[in-house]
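Fold and geometry: a report
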Amino acid sequence: MTDDAYLFLADSAPGSGWQGTPVSLVGELECLETPAVRAWLDAHETDAASPALRIVPPEQTGMIPEDAERLPVPLDGEELERVRRAGATDPVAAVEEELLAYRDSKEGRDDLLHKALAAGIPAHRIVELSGVDPTALPTPPRP
């Protein structure tokens, strides 16, 4: 696994399946203003607003189609969180938002942790978002 996110150009063919998150859904990213990214976009005759330009976080780089044009890009922590949330499925994204909000409140902690585990959010991600001690996590529900 790499520590960089990846920009890539999605295949627009029907039936090509999930292909990352459109950059336009993530918002502004500092890397889009770098000379390397600008040159890469120019070389592919596209720009940051193109619906074909997609991004994936480091843990999803294995899902980039093998033949896709790609470019590794470093993201800061806040940008990486936006990429992850923009690419998450709606129920998971909603629970992740709650976990982020939990950092400011202890109310309903156990219910929220159970909800996150039931939504399929991995324990390490729950710890990262909520700031709880890993030993405070309840036992995940059994399928």
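Structural data are supplied above this passage.
In every chain, residue numbers begin from 1 and rise along the written sequence. A pLDDT threshold of at least 70 governs which residues receive local features in this predicted model, and a stricter bar of 80 or more applies before side-chain atom pairs are shown or counted, although totals over entire chains, interfaces and linings include all residues. In computing side-chain values, all of the structure's heavy atoms are included and hydrogens and water are not.

1. Some words on the sheet that holds strand E2 (residues 21–22)
A strand pair is defined by DSSP finding two or more bridges across the two strands. Put simply, DSSP H or I for four residues or longer makes a helix, DSSP E for two residues or longer makes a strand, and each gets a number counted from the N terminus. On the basis of which strands lie adjacent, the open sheet formed by four strands has the order E2-E3-E1-E4 and antiparallel pairing. In this open sheet, the two edge strands, each paired with only one partner strand, are E2 and strand E4 (70–73). Sheet topology places E2 next to strand E3 (residues 53–56); two bridges connect them, and they run antiparallel. Note that in E3 the partner of Thr21 across the bridge is Ile55. Where helix H2 (residues 35–43) meets the sheet, it contacts strand E1 (5–9), E3 and E4, and its direction lies at approximately 170° from that of E4. Contact between two residues is taken to exist if any of their heavy atoms lie within 4.5 Å; hydrogens are not considered. Here the axes come from fitting lines to C-alpha atoms, over the contacting stretch only for helices, and the angles between their N-to-C directions go from 0 to 180 degrees.

2. Quick look at the pairing of E3
Side-chain direction in a regular strand flips from residue to residue, so the side chains alternate between the two faces of the sheet. Here E3 shows two buried faces, one formed by Leu53 and Ile55 and the other by Arg54 and Val56. Relative to E3, E1 is paired through four bridges, and the arrangement is antiparallel. Each residue of the ladder has a partner; that of Leu9, found in E3, is Leu53. Think of it in three bands: residues with accessible area under 20% of the maximum for their type are buried, residues over 50% are exposed, and the middle band is partly exposed, with areas taken using a 1.4 Å probe on protein chains only.

3. So, helix H5 (residues 109–118)
Three or more residues of H5 are buried, namely Leu112, Leu113, Ala116 and Leu117. All buried residues of H5 lie within an arc of 135° about the axis, which places them on one face of the element. The exposed residues of H5 that point more than 90 degrees off its buried face are Asp111 and Ala118. At the exit of H5 stands Gly120, carrying a positive phi of roughly 90°. By construction, the arc corresponds to the directions joining the helix axis to the C-beta atoms.

These results come straight from atomic positions and should not be treated as a statement about function.
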